[in-house]
Amino acid sequence: MLDSLGTARAALRDAARHTPGWLAIASLLLLAQAVLPAAQVVLLEGLIDDIGTDPWLALAGLTAVVGVMYPLGQVALSSTQRMALRLRLRYRSDLAYAAARLTPSMLARPEVVTDLEASQTATAVMDDVPGRTLQVLGAAVTSVMLCAVVWAINPISGLLVVAALVPTVLGFTVISQMEADGWPKVAAFDRRASYATEQLVQQRPGTELAVLGSGRKVAALVAAHRGDATQVLDRMVRKAMLVELAAALATALLFGGALVALVLGGASGAGAAAAVAGTISGLNAIRTCGYAFGTIITAAPQALIYRRFLASVPPASTQTVRHGVGEVCLENVSFTYPGAAEPALRDVSLRAERGEMIALVGVNGAGKTTAINALIGLLGVDAGRVLIDGVDAATMSEGERLGHFGMLVQEFGKFEFTLGESVGLGSPADVVPDEDVRAALESAEAGAFTRGLGLDEQLGQQWGGRGISGGQWQRLALARICLRDAGIWILDEPTSAIDAEAEREIFGELSRTRAGRITIVVSHRAWTLREMDRIYVIDEGRVVQKGSYAELFAVPEGRFAEIFDGQSTERDEAR
Ligand SMILES: Nc1ncnc2c1ncn2[C@@H]1O[C@H](COP(=O)(O)OP(=O)(O)OP(=O)(O)O)[C@@H](O)[C@H]1O
């Protein structure tokens, strides 16, 4: 109940801040609508009293009330809808900006992602709350005014008319509690169902599933998760229905009581007729109030998640890219994932200076990505330190630390915006000069296929734009890192989707331009390691070997030679 009141208050505050004009218009119209039932009672009583003498004034008044009732209701509804549209836009853009302020370590927490998704759903229902709140307030005004005019005819009836609000309010309070408990469960099932649905409807995974002929299995997962959500919703709706029925029965009894009190109270014929008409209008107002209140109650838990989420997001901070880093070290770093039996990193130390290219190699699951995540601060290490130019990175803010790095991850983004926008994302600056974008494209060996395109060329066929290959997408991702030009480049399998010729060119370019930065590469291809100043071989979370390409191949029983044994051409060449 308190949550619903808080939600209603916050929604009115938002409307006053972001759409004050429409809030004022909607409030006035709903207030005018709210006084009509009481005006009806007064005019009706006057009309019946004066029917034989001078009924014209009351008749004109009553005709005017009936005449404006319908259009007033319609215009009030349109005003609340226009208010809702403006608020929805505001809520959605506020959420987008909040999501943009999330740090990588926050995004790594599943509960943050769940809240982000629930907040997105919330924006679809929150916009309706100010209009519904005005309707509830209007119904309260209607009840109080009806109480006043019916009270003048029969005080007990007047009281009972207002008392009839109580079961509705109590009933919806109970429902509110049930929904607050149920919605988080529904959201969790919905999230899984939405994820599975995306795999079917998005072009790339959808096509992969269609080729495999396995889409049906994913559809079954969607159905199962939606089924679980429906079960929870179904239980909630069943209980709500029973509560609503009980509240409606109590309301009917109170109204019946008001009518009986009128009859037994000996009101005049005109007074009784007018009060009966008034109490029946009152019943309609309370029904509207119940529905509007129900909408607020349903929106309250979701709105609460939205507001809590927005409040939890740190304020915007502009990232400053650090270009010239002298040295970076991991010093005796150990880390165990929560719940894991074995550490993913055991006493790992590595070091690189400006101008050096180093590589991390190892079999799948050896700990390379974990070491990189420890380096950039995506996970808090259990022991050891990360030093950037001699400063313990743990003492830096997350934004400050990230400013030292440019990172190309294995699952790089394929941002289907314009070419200029997609590459421009490499820099946090709002405006990126076109020539910088072009230079970055050349450095990433993406010049040949983008030279004929304008930077305003839309990428992605689903938008009617240019379709490009997987390897070309990877070059655009690399172009972002070139554009960023941070002091430390981390390239996790940077050429995994790229053909051998372009791969050679990319590694040649990386080697030529290495002087001003530190380059850290994760690679499974032996020949790409030849240019490295040092290679760290990681196995089961430990650095088990380190040295140049030739030094490592010179130890036939070493782990490096074991891992790259199949790539013997390189081994021979190395010798
Ligand atoms: N989020 C996680 N929670 C628990 N364990 C994890 C998590 N991420 C990775 N691991 C485990 O930590 C170990 C190291 O994983 P890591 O991803 O660092 O390997 P990798 O060397 O990068 O492998 P690949 O070459 O396949 O990318 C593995 O045993 C892996 O299963």
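Scope of this entry: the structure provided in the associated data block. Everything quoted here is computed from the prediction, not taken from an experiment.

**Comments concerning the overall build of the chain**
At step 1: A count of helical and extended segments in the chain gives 21 helices and 10 strands.
At step 2: Its C-alpha atoms give the chain a radius of gyration of 34 Å, clearly above 25 Å, the size a compact globule of 575 residues would have.
At step 3: For the chain, the C-alpha atoms occupy an extent of roughly 120 × 50 × 50 Å along the three principal directions.
At step 4: A separation of at least 24 residues holds for 74% of the contacts in the chain among residues at least 6 apart in sequence.
At step 5: Summing over all exposed atoms, the chain offers an accessible surface of approximately 28100 Å²; the carbon and sulfur share of this is 59%.
At step 6: Taken together, the 50 basic and 61 acidic charged side chains of the chain have centroids lying 2 Å from each other.

**Re the packing of helix α15 (residues 434-443) against helix α17 (residues 470-484)**
The relative placement of two packed helices is expressed as an angle between their axes plus a distance between the axes.
At step 1: Here α15 crosses α17 at 120°, and the two axes come no closer than 8 Å. What the angle tells us is that α15 and α17 run oblique. Two packed elements cross with a definite hand, and for α15 against α17 that hand is right-handed. Every residue of α17 that contacts α15 at Asp436, Val437, Ala440, Leu441 and Ser443 is listed here: Leu476, Ala479, Cys482 and Leu483.
At step 2: Residue composition of the contact of α15 with α17, grouped by class: seven nonpolar, one polar and one charged.

**Focus on the site of the ligand**
At step 1: Around the ligand sit Tyr337, Ala344, Val363, Asn364, Gly365, Ala366, Gly367, Lys368, Thr369, Thr370, Gln410 and His524, and those are all the residues in its vicinity.
At step 2: One of the side-chain nitrogen or oxygen atoms of Thr370 is found 2.5 Å away from an oxygen atom of the ligand.
At step 3: Contact between the ligand and Gln410: an oxygen atom at 3.5 Å from a side-chain N or O atom of the residue.
At step 4: When the free accessible area of the ligand is taken as 640 Å², the share hidden by the protein chains comes to 58%.
At step 5: Among the residues forming the shell around the ligand, the class breakdown is four nonpolar, seven polar and one charged.

**A look at a positive patch on the surface**
At step 1: Together, Lys185, Arg235, Arg238 and Lys239 give the surface a local cluster of positive charge.
At step 2: Considering each element in turn, the positive patch owes the most residues, three residues, to helix α10 (residues 215-264).
At step 3: Note on placement: Arg238 falls in helix α10.

**Brief notes about a nonpolar patch on the surface**
At step 1: Taken together, the side chains of Val260, Val263 and Leu264 make up a nonpolar region of the molecular surface, amounting to roughly 340 Å² of accessible area.
At step 2: Structurally, the position occupied by Val260 is in helix α10.

Rules used in this analysis
- Residues numbered from 1 in each chain as written.
- Predicted model: local features only at pLDDT ≥ 70, side-chain atom pairs only at ≥ 80, totals over all residues.
- Heavy atoms only, no water.
- Helix = DSSP H or I, 4+ residues; strand = E, 2+ residues; numbered from the N terminus.
- Rg over C-alpha atoms; globule rule 2.2 N^0.38 Å.
- Contact = heavy atoms within 4.5 Å.
- Areas by Shrake-Rupley, 256 points an atom, 1.4 Å probe, with all protein chains shown as cover.
- Lys, Arg positive; Asp, Glu negative; His and termini not counted.
- Charge placed at Lys NZ, Arg CZ, Asp CG, Glu CD.
- Axes fitted to C-alpha atoms, helices over the stretch in contact; angles between N-to-C directions.
- Parallel < 35°, antiparallel > 145°, perpendicular 65-115°, else oblique.
- Left-handed = near helix turned anticlockwise from the far one by under 90°.
- Nonpolar A, V, L, I, M, F, W, Y, C, P; charged D, E, K, R; others polar.
- Near = heavy atom within 4 Å.
- Polar contact = N/O pair within 3.5 Å; in protein donor to acceptor, adjacent residues only side chain to side chain.
- Patch = residues over 30% accessible without salt bridge, like charges linked within 9 Å, V, L, I, M, F, W, Y side chains within 5 Å.
- Salt bridge = Lys/Arg side-chain N within 4 Å of Asp/Glu carboxyl O.

That's the geometry; what it means functionally is another story.
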